[in-house]
Amino acid sequence: MSDVTTSGATSRRVLLTSAGAVGAGALLAACGSEAPATTEPTGAAASQPATGETVGAGIVLGKAADIPVGGGVIFKEQGVVVTQPTAGQYVGFSSICTHQACPVSQVEAGKIKCQCHFSEFSITDGSVLSPPAPRALDKKEIKVENGEIKLA
Ligand code: FES
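Residues numbered from 1 in each chain as written. Predicted model: local features only at pLDDT ≥ 70, side-chain atom pairs only at ≥ 80, totals over all residues.

**Student:** Explanation requested: the sheet that holds strand β9 (residues 139-140) in the structure shown.
**Tutor:** Through backbone hydrogen bonds, the strands of a sheet pair up, either in parallel or in antiparallel fashion. Sheet architecture is open: four strands sit in the order β2-β3-β4-β9, paired in antiparallel fashion. One side of each edge strand has no neighbouring strand; the edge strands of this open sheet are β2 (71-75) and β9. Of the strand pairs in this sheet, β2 and strand β3 (residues 80-86) are connected by five bridges, and their pairing is antiparallel. Within the sheet, the bridge partner assigned to phenylalanine 75 lies in β3 and is valine 80. (Pairing = 2+ DSSP bridges. Helix = DSSP H or I, 4+ residues; strand = E, 2+ residues; numbered from the N terminus.)

**Student:** Would you take a moment to explain the sheet that holds strand β1 (residues 60-63) for this structure?
**Tutor:** Pairing in this open sheet of three strands is antiparallel, and the strands run β1-β11-β10 from one edge to the other. In the strand order of this sheet, the two ends are held by β1 and β10 (142-145), each with one partner. Between one strand axis and the next, the sheet turns through 25° on average, direction left out of account. With four bridges connecting them, β10 and strand β11 (residues 148-151) associate as antiparallel partners. The residue of β11 that forms the bridge with lysine 143 is lysine 150. (Axes fitted to C-alpha atoms, helices over the stretch in contact; angles between N-to-C directions.)

**Student:** Can you walk me through the environment of lysine 150 in this structure?
**Tutor:** Mapped onto the elements, lysine 150 comes out in strand β11. In this structure, lysine 150 is in contact with Gly58, Ile59, Val60, Leu61, Ile142, Lys143 and Glu145, ignoring residues within four places of it in sequence. (Contact = placed C-beta atoms within 7 Å.)

Encoded structure:
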């Protein structure tokens, strides 16, 4: 009887350890996207090895001047939405809807809209304003350098 219990406990421990490793990886990936950008001006950030979700760091998305205050621009190729909720405040989000992964298609009247099933998200924090999306858009770290918006 104790063999069965031990075996079961071991199996559970192995499963939990495996799940923990996966979870830790996901956490590291999540932390990687929150890493503050360095302020070194000449390509130092782009030459750093990627840790977690920093794929595309340094890629120029567009000009900050092209992001309307109270609105935003969808960069389809890069899968990023950049908004400017208030003058000088730029925020980046994934353009992939959290409902069924359609790309969002419009930024209008302070909302990021997905036309697949009409979810709407806040341009300020990506939160859901209108379901069926179950959660906010994922954040994308961006920075503004020399008037250009770049992935951080
Ligand atoms: S995939 Fe966006 S609302 Fe369904």
